[in-house]
Amino acid sequence: MTKKLPSVVLRRNNRIYIVQAAVEYHISLLLTGSFLAALTSRLGMSDALTGILSAVISLGCVFQLLSLLLRPRRSRAFITGMSVLNQLLFAALYFVPFLPGSDRLRIALFVVLILTAYFIYNVAHPEKVSWLMHWVEDGVRGMFTANMQIFSLLSGMVFSLAMGAVADHFRGKGRPDTAFLLCGVTVLVLMAVHTGLMWNVSDRELPQRSERGVLRRFAAVLQQRPVRRITVLYSLWSMANYAAIPFYGTYQIKELGFSLTLVSALSIAGSLARALVSRAWGRYGDRCSFAMMVRRGLLLASAGFLVCAFASPGRGLVPFALFNILFCVAQGAVEIGRNNLIFDVVPEEQRPDALALTQSICGLAGFLSTLVFSAVVSAMQRGGSTVLGLPCYAQQVMSVVACVLALTAAAYVHTAMIKKQ
């Protein structure tokens, strides 16, 4: 089955994909950040355990490797079924606090449910992206991805603010459990909407994959030089992110004294900036090349990290305001290029394998980087550090490290990808 469908059907598929991505993003918002923290606190989980759980979840992309073991014949039934299953588990998380039994038992059940849900999500993800992007014309993939980002970002801001306000309302009335029940029901409603959307996308018979074993397919994909270059590029980008961003939250709240409202406002400003420029990024990628677009994004990200190196108590607002705008604008370019670079160089039948392998390797690189950089930050905070006799915070040093890694990634794109084109 090819893209040779009536244009009206292709447009319908693309519109459904955009709305589907937003609905999926809204569900994820209820399982991350302050919503996840409130839920784990209700269960009595410690901050340390919550942090470990978040790190393991971020490593979930490694589970995408298991998608190489699956050989479904058609896309729609397989992906829709996997989505329903993982979203049912997400919804169940909000009902765990009301189950009978000890706190330890409920915590254990919660951990099993959330890890299983992310496992199922990641196993189906490469095939889902390949299926839905199959209906997008090659010459407009950049603009399409930009439009998808914009719709998810803007609708996600409205959704998270609305759900946060409702949750705060019930907590203010001394009824926090009502807020949890409402969030669980909301996930179920979104799941129903998501299922209806997925079932209305045109089905396709999946391309026949090689009969070779998983390891041979793994090797066949990595033997392609462009795939190796993309993997190196996004591993460097992942390392740059994990060098600094995980440590910015506590730095803003503790050392810089930002309020949660201010942190949220800075985040919204960055998201709005990303939404404003995403279409320009997409147009640039379609007309020039996604590699050139990613290089510019990496340069902007390196500038953002460098600005953060000057954030210190008493003068942190302006650097972090600039960082949020620069980083979010840069992230728009880098993320538009993530899948599109793969689609540019990999045959259709190998795209799910290539997506799974690159995402897994990059995710593992980021996770290992977190372990290393966390140890470095802890050592610096215990021992203290100075530069030219002035006190220097660990987050400032890690900002410089992230800047260097982002610049390295930009140089790599220029030498290994753009010049080769």
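Just so it is clear, the model here is predicted, and its values are computed rather than measured.

K.L.:
Got a minute to help me understand the overall build of the protein chain in this structure?
P.N.:
For the protein chain, the count of helices and strands is 14 helices and two strands. In terms of overall dimensions, the protein chain is globule-like: its C-alpha atoms have a radius of gyration of 22 Å, near the 22 Å expected for 421 residues. Taken along the three principal axes of its C-alpha coordinates, the protein chain extends 65 × 60 × 40 Å. Restricting to contacts in the protein chain with at least 6 residues of sequence separation, those with at least 24 account for 86%. In the structure as shown, the protein chain presents an accessible area of about 19000 Å², 67% of it carried by carbon and sulfur atoms.

K.L.:
Any chance you could explain a nonpolar patch on the surface here in plain terms?
P.N.:
The grouping of F63, L66, L69 and F119 at the surface amounts to a nonpolar patch, some 330 Å² of accessible area in total. Assignment of secondary structure puts F119 in helix α5 (residues 103–133).

K.L.:
Which parts of the structure should I look at to understand the pattern of salt bridges?
P.N.:
Two side chains that carry opposite charge are able to pair once their charged atoms sit near each other. For the structure on display, the rule yields eight salt bridges. With a closest N to O distance of 2.6 Å, E24 and K128 form a salt bridge. Here K128 lies in helix α5 and E24 lies in helix α1 (residues 7–29), a separation of 104 residues in the sequence. Residue E24 shares its accessibility class with K128, and that shared class is buried. Within the structure, one salt-bridge network assembled from shared partners comprises D138, R141 and D344.

K.L.:
So what exactly am I meant to see when it comes to the packing of aromatic side chains here?
P.N.:
In this description, a pair of aromatic rings is defined by centroid distance and the angle of the planes. As enumerated under the stated definition, the model contains 13 aromatic pairs in all. For the pair Y251 and Y393, a centre-to-centre distance of 5.7 Å together with 55° between the ring planes defines the contact as tilted. With a gap of 142 residues between them, Y251 in helix α9 (residues 225–255) and Y393 in the loop between β2 (390–391) and α14 (394–418) connect regions that are remote in the sequence. With a centroid separation of 5.7 Å and 45° between ring planes, the pair formed by F305 and F323 is classed as tilted. Remark: F323 occurs in helix α12 (residues 317–345) and F305 occurs in helix α11 (residues 290–308); sequence separation between them is 18 residues. Residue F323 is classed as buried on the basis of its relative accessible area, which comes to 6%. One aromatic cluster is present, formed by W237, Y248, Y251, F258, F305, F320, F323, F327 and Y393 through successive ring pairs. For R42, the ring lying beneath its charged end belongs to F98, and the centroid distance is 5.9 Å. One residue, R76, lies across the ring of W199, its end atom 4.8 Å from the ring centre.

K.L.:
Looking at this model, I keep getting lost on the packing of α9 against α12. Mind explaining?
P.N.:
Axes are the key here: two packed helices are described by the angle between their axes and the distance separating the axes. Between α9 and α12, the least distance of the axes is 12 Å, while the angle of their chain directions is 155°. In terms of their interaxial angle, α9 and α12 are classed as roughly antiparallel. Judged by the twist between their axes, the crossing of α9 over α12 is left-handed. Contact residues: α9 offers P226, I230, L233, Y234, W237, N241, I245, Y248, Y251 and Q252, while α12 offers F320, F323, F327, V334, E335, G337, R338, L341, I342 and V345. Residue classes in the contact of α9 with α12 are distributed as 15 nonpolar, three polar and two charged.

K.L.:
Explain the nonpolar core to me, please; I cannot follow it from the model alone.
P.N.:
The nonpolar side chains of a soluble globular protein tend to be buried, and buried together. By size, the foremost hydrophobic cluster in this structure holds 112 residues, and its most contacted members are F110, F305 and F320. By residue number, the principal contributor to this core is α5, which donates 13 residues. In this view, F320 contacts Y248, Y251, Q252, L256, F258, L266, C308 and A311; residues no more than four positions away in its chain are not counted.

K.L.:
For this particular structure, what's the right way to read the side chain of R106?
P.N.:
Looking at the element boundaries, R106 is found in helix α5. R106 sits in the buried class, given a relative accessible area of 13%. The contact partners of R106, leaving out residues within four places of it in the chain, are L43, V96, P97, L99, P100 and G101.

K.L.:
Which parts of the structure should I look at to understand the side chain of S152?
P.N.:
Assignment of secondary structure puts S152 in helix α6 (residues 141–172). Excluding anything up to four places from it in sequence, S152 contacts A21, A22 and Y25.

K.L.:
Just to check I follow, could you spell out the environment of F144 for this structure?
P.N.:
When you line up the elements, F144 lands in helix α6. Each C-alpha atom, one on F144 and one on R15, is 9.6 Å from the other, the two residues being 129 residues apart in sequence. Not counting the four nearest positions on each side in its chain, F144 is found in contact with N14, Y17, I18, M133 and V136.

K.L.:
Just to check I follow, could you spell out the confidence of the model for the protein chain for this structure?
P.N.:
A low pLDDT score tells you not to read the predicted coordinates there in detail. The predicted model of the protein chain averages 85 in pLDDT, with 91% of residues at 70 or higher. At the level of individual helices and strands, the protein chain shows its lowest average pLDDT in strand β1 (residues 386–387), which scores 61, and its highest in α11, which scores 95.

K.L.:
What is the right way to look at the packing of α1 against helix α7 (residues 176–199) in this model?
P.N.:
Running from N to C, α1 and α7 cross one another at 160°; their axes reach a closest spacing of 10 Å. Here α7 runs roughly antiparallel to α1, going by the angle between their axes. Crossing handedness for the pair α1 and α7: left-handed. Residues I16, V19, Q20, V23, E24, H26 and I27 of α1 form the contact with α7, whose participating residues are V187, L190, M191, V193, H194, L197 and M198. When the residues that make up the contact of α1 with α7 are grouped by side-chain class, the tally is ten nonpolar, three polar and one charged.

Criteria and cut-off values
- Every chain's residues receive numbers from 1 upward, in the order its sequence appears when written.
- Side-chain atom pairs in this predicted model are given and counted only at pLDDT of 80 or more, local residue features only at pLDDT of at least 70, and totals for whole chains, interfaces and linings cover all residues.
- Here the side-chain values reflect all heavy atoms present in the structure, with hydrogen atoms and water set aside.
- Helix numbering and strand numbering both begin at the N terminus, where a helix is a DSSP run of H or I of at least 4 residues and a strand a DSSP run of E of at least 2.
- Here the globule rule is a power law, 2.2 Å times the number of residues to the power 0.38, and the radius of gyration is based on C-alpha atoms.
- Only heavy atoms enter the contact rule, under which two residues are in contact if any of them lie within 4.5 Å.
- Using a 1.4 Å probe, accessible areas were evaluated by the Shrake-Rupley method; residue-level cover was limited to the displayed protein chains.
- Residues enter a patch when their relative accessible area is above 30% and they make no salt bridge; the linking distance is 9 Å between like charges and 5 Å between nonpolar side chains (Val, Leu, Ile, Met, Phe, Trp, Tyr).
- Put simply, a salt bridge is a Lys or Arg side-chain nitrogen that is within 4 Å of an Asp or Glu carboxyl oxygen.
- Relative accessibility thresholds used throughout: buried, under 20% of the residue-type maximum; exposed, over 50%; partly exposed, between the two (1.4 Å probe, protein chains only).
- In this scheme Phe, Tyr and Trp rings, the latter by its six-membered ring, pair at centre separations within 6.5 Å, and the angle between planes marks the pair as stacked below 30 degrees, edge-to-face above 60, and tilted otherwise.
- Here, a charge over a ring means that NZ of Lys or CZ of Arg falls within 6 Å of the ring centre while also lying within 35 degrees of the ring normal.
- Axes, fitted as lines to C-alpha atoms, cover a helix only where it is in contact. Angles between the N-to-C directions of the axes lie from 0 to 180 degrees.
- For classification purposes, angles smaller than 35 degrees are called roughly parallel, those larger than 145 roughly antiparallel, those between 65 and 115 roughly perpendicular, and all remaining angles oblique.
- For a crossing to be left-handed, the near helix must be turned anticlockwise from the far one by less than a right angle; the clockwise case is right-handed.
- In this classification, the charged set is Asp, Glu, Lys and Arg, the nonpolar set is Ala, Val, Leu, Ile, Met, Phe, Trp, Tyr, Cys and Pro, and all remaining amino acids, among them Gly, are polar.
- Nonpolar core, defined: a set of buried Ala, Val, Leu, Ile, Met, Phe, Trp, Tyr and Cys residues in which side-chain atoms within 4.5 Å join the residues together.
- Note on scores: pLDDT gives the predictor's confidence for each residue, bounded by 0 and 100.

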